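Chains, contacts and geometry: an overview
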Amino acid sequence: MGGGTSSYTEVEETDVVLLWGSNARETHPIFFHHLLKGVRNGARLYVVDPRRTSSAQWADVWMGLDVGSDIALANAMGREIIVSGLTHDWFIPHATSGFEAYRECVEKYTLERAERETGVPAEAIREAAHAYAKAGRAMICWTLGITEHHNAVDNVLALLNLALLTGHVGRYGSGLNPLRGQNNVQGGGDMGAIPDRLPGFQHVENDELRANFERVWDSKIPPRKGLHLSGMFEAMERGELTTLYALGENPADSEADRHRVLKLLRGLEFMVVQDLFYTATAELADVVLPAAAGWCETEGTVTSSERRVQRVRRAVPPPPGVRDDIEVIFELARRLGHEWGEPNAEQIWNEVRTLSPMHGGMSYRRLEELGGIQWPCPDESHPGEIFLHGRLWQEPLIGPRAPFSVVEFVPPVDHLDEDFPIRLTTGRRLDSFNTGVQTNGYASPLRRGEALDLSPEDAARYGFQEGERVRVSSRRGSLVAPVHFDPALRPGLAFLTMHFHDQVPTNDLTIDAADPKSGTSEFKATAIRVEKCPANR
């Protein structure tokens, strides 16, 4: 099962939080309200982020690491915990495997080496390691600052190692929590929107599990892993993928190395886009299917980052000519020769419950009565699990051991040099969302438009004025953007969002180097240079 181990209420009652690669104050504001309650209740907050973000302003310690050096930092913290005798000596032999190989791996990651490779002072690393290990309860929370790298999965594994060292998993107030990047990303994964999984995280290559779905669906399912998004674009390049059906996705603006993406999308033989908005991807489509707004015009469920499944109810009907997603899919199936009957969200959900054991007890009635239920919830007498992996503390141990992982620091693919000396990282701001199609249609008093954020020191070195339009170039593309001086940035670091591609096409710059395990592109680490525009000279 793939989800955060803890509940939002637990972060209000924990002792230490490592907020790693996340500006939750702006990108996950609802969760951050829970986190602030924890801070006000006495929790110590350590923010690990290259930028001194608005989240870091609430931290006891800001650990401003160099972009992409997360594994070096995590391994150094692990080594410090080990050499200081702060490991959980009962939990490790009882519930884990691979500790000796891990200890051998991190032995070389001294505090001094970590300071050189991360830019974080050795004393700050030592303090964070000791505070996390000694805490009665502690959590690690992360987002795209960890996962949008060429070694995304290894970054996550490095954080998991710290929890296994200290026993900060499987207990109330201690856990590992990925904060999902968009609404209902957790629910999409739960329902099988992952290349190798069926609903309930059941592996498609497992004959017994797959047979359950084949029996109910009266259809054979290919017994092999599918393609993740990066793999789809690679298949387009090879001419193996020629048709695309995009539902609620805008890859023309959201994917790295936008020049390549647009070329491949335009080269498709046929593309269907089903969306609430007429996006840049829809402009390239052969057929556009207008879809209803999931939050107010449809019936169904939504799942949050704490694994809580809640009901979604139709408040208003869709506009004329617009259909609910499931109505569109049912009609497509009918035209392809498959009669599925009338689309009904509750009937579909009940089918999910029969096939996904972790959703078995979540009837619409119980979801309404309880205000949502956290999976796993196997039957209708079960209240749902507040936290996961409590089995790791049971004697005798139930189920497999939790493995340590040996991961090594590897710097970003897009290296810095004399031609591209500045590290660009990307993210979101509070007032806008992703490619902007959901937010740019209305004004916000917080919005200042897109600009290249630079440190005041770099701006002075280049002789830039606030608001001056400058040329920004990477190894893939170039654009012009106004410059904004941000004292939260250290020299050598720049920041852009992807909110305003009509103004500043940020993904013309980013690199499509992808993590081979997750397929996630390295949006967080692009090498750029910044120059005065000829008109400004």
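Look up a bit, the structure's there.
Here is a short report on the structure shown in this document. Just so you know, these numbers come straight off a predicted model, no measurement behind them.

A word on the overall build of the protein chain. Counting its secondary structure elements, the protein chain contains 19 helices and 21 strands. Over its C-alpha atoms the protein chain spans a radius of gyration of 24 Å, differing by no more than 12% from the 24 Å that the globule rule assigns to 537 residues. In terms of its C-alpha atoms, the protein chain occupies a principal-axis envelope of roughly 65 × 65 × 45 Å. Per-residue burial over the protein chain gives 55% buried out of 537 residues. Taking the contacts inside the protein chain whose residues are at least 6 apart along the sequence as the reference set, 68% of them involve residues at least 24 apart. Carbon and sulfur atoms make up 52% of the accessible area of the protein chain, which totals about 23700 Å². With 56 positive and 75 negative side-chain charges, the protein chain shows a separation of 2 Å between the mean positions of the two kinds.

The next thing to look at is the sheet that holds strand E20 (residues 493–497). The mixed closed barrel is built from six strands, whose spatial order is E16-E20-E17-E19-E18-E21. With strand direction ignored, the average angle separating the axes of adjacent strands in the sheet is 45°. The pairing of strand E18 (residues 469–473) with strand E19 (residues 478–485) spans five bridges and is antiparallel. Note on E19: the bridge partner recorded for Arg469 is Pro482.

This paragraph deals with the pairing of E18. The loop that links E18 with its antiparallel partner E19 comprises four residues. Of the pairings in the sheet, the one linking E18 to strand E21 (residues 526–532) comprises four bridges and is antiparallel in character. Within E21, the position partnered with Arg471 by the bridge is Glu531.

Summed over all chains, the structure comprises two cavities of 30 Å³ or more. Taken as a whole, the second largest cavity spans an internal volume of roughly 30 Å³. Taken together, Arg429, Asp431, Ser432, Arg447, Arg448, Gly449, His499 and Phe500 make up the lining of the second largest cavity. For the lining of the second largest cavity, a count of residues per class yields one nonpolar, three polar and four charged.

Next up on the list: the packing of aromatic side chains. Under the definition given, this model contains nine aromatic pairs. Measuring from centroid to centroid gives 5.7 Å for Tyr8 and Phe31, while their planes differ by 65°, and the two rings are edge-to-face. Here the residue Tyr8 occupies a position in helix H1 (residues 8–11), and Phe31 occupies one in helix H3 (residues 29–40), the gap between them amounting to 23 residues. Judged on exposure class, the residue Tyr8 and its partner Phe31 are both buried. When the centroid spacing of 5.7 Å and the interplanar angle of 20° are considered together, the rings of Trp90 and Trp393 count as stacked. Of this pair, Trp90 sits in the loop between helix H4 (70–83) and helix H5 (91–95) while Trp393 is found in the loop between strand E14 (373–374) and strand E15 (402–403), placing the two residues 303 residues apart along the sequence. According to the relative accessible area criterion, Trp393 is partly exposed, its value standing at 21%. Members of the aromatic cluster, joined through ring pairs, are Trp90, Phe91 and Trp393. We note Arg51 situated over the ring of Phe495; from NZ or CZ to the ring centre the distance is 3.7 Å.

Here we take up helix H6 (residues 99–106). Among the residues of H6, those classed as buried are Phe99, Tyr102, Cys105 and Val106. The buried side chains of H6 occupy one side of the element, clustering within an arc of 120° when seen end-on. Its buried side turned inward, H6 meets H4, H5, strand E4 (96–97) and helix H10 (152–166).

Further remarks concern the layout of surface pockets. Counted as a void, the second largest pocket has a volume near 350 Å³. If you go around the second largest pocket, you meet 19 residues; those closest to its centre are Glu26, Arg51, Arg429, Arg448 and Asp486.

All told, the structure shown has 38 salt bridges when counted by the stated rule. One salt bridge connects Glu240 with Arg238, and the closest N-O pair in it is separated by 3.1 Å. Here Glu240 falls in the exposed class, since its relative accessible area comes to 56%. With a relative accessible area of 49%, Arg238 lands in the partly exposed category. In this structure, the salt-bridge partner of Glu331 is Arg335, at a minimum N-O distance of 2.9 Å. Of this pair, Glu331 and Arg335 both sit in helix H16 (residues 325–335), separated by four residues, roughly a single helical turn. Shared partners join several salt bridges into a network, and the residues in it are Asp207, Arg210, Glu214 and Lys220.

What follows deals with the sheet that holds strand E11 (residues 287–290). Ordered in space as E9-E10-E11, the three strands form an open sheet in which the pairing is parallel. Taken across any chain shown, the strands that pair with only one partner, and hence form the sheet edges, are strand E9 (243–247) and E11. Mean inter-strand twist for the sheet, computed between neighbouring axes without regard to direction, equals 10°. Relative to strand E10 (residues 270–275), E9 runs parallel, the two being bridged by five bridges. By the bridge assignment, Ala246 is partnered in E10 with Val273.

Turning our attention to helix H15 (residues 258–266). If you check which residues of H15 are buried, you get Arg258, Arg260, Val261, Leu262, Leu264 and Leu265. Residues of H15 that are buried sit in contact with helix H13 (229–237), E9, helix H14 (251–254) and E10.

Below, the discussion takes up unusual backbone geometry. The omega angle of the peptide bond from Trp375 to Pro376 is 0°, so this bond is cis rather than trans. Here Pro376 shows up in the loop between E14 and E15. In this structure, Pro396 follows Glu395 across a cis peptide bond, with omega equal to -5°. Residue position: Pro396 is located in the loop between E14 and E15. If you check the backbone angles, Asn184 has positive phi at about 65° while not being a glycine. Examined against the element boundaries, Asn184 turns out to sit in the loop between strand E6 (175–178) and helix H11 (185–190). Asn184 gets classed as partly exposed once you look at its relative accessible area, which sits at 28%.

Turning next to the nonpolar core. Grouped together as the largest cluster of nonpolar side chains are 55 residues, with contacts concentrated most on Trp20, Met63, Met77, Ile125 and Leu162. Aside from chain neighbours lying at most four places away, what touches Leu162 is Trp20, Ala74, Met77, Gly78, Ile81, Tyr102, Tyr132 and Ile140.

Calculation rules
Residues numbered from 1 in each chain as written. Predicted model: local features only at pLDDT ≥ 70, side-chain atom pairs only at ≥ 80, totals over all residues. Heavy atoms only, no water. Helix = DSSP H or I, 4+ residues; strand = E, 2+ residues; numbered from the N terminus. Rg over C-alpha atoms; globule rule 2.2 N^0.38 Å. Buried < 20%, exposed > 50% of the residue type's maximum accessible area, 1.4 Å probe, protein only. Contact = heavy atoms within 4.5 Å. Areas by Shrake-Rupley, 256 points an atom, 1.4 Å probe, with all protein chains shown as cover. Lys, Arg positive; Asp, Glu negative; His and termini not counted. Charge placed at Lys NZ, Arg CZ, Asp CG, Glu CD. Pairing = 2+ DSSP bridges. Axes fitted to C-alpha atoms, helices over the stretch in contact; angles between N-to-C directions. 1 Å grid on protein atoms, 1.4 Å probe; cavity = no way out; pocket = protein on both sides within 12 Å on 5 of 7 lines; lining within 4 Å. Points joined across faces, edges and corners; volume = space filled by probe spheres on them. Nonpolar A, V, L, I, M, F, W, Y, C, P; charged D, E, K, R; others polar. Phe/Tyr/Trp six-rings, centres within 6.5 Å; stacked < 30°, edge-to-face > 60°. Lys NZ or Arg CZ within 6 Å of the ring centre and 35° of its normal. Arc of directions from axis to C-beta. Salt bridge = Lys/Arg side-chain N within 4 Å of Asp/Glu carboxyl O. Core = buried A, V, L, I, M, F, W, Y, C linked by side-chain atoms within 4.5 Å.

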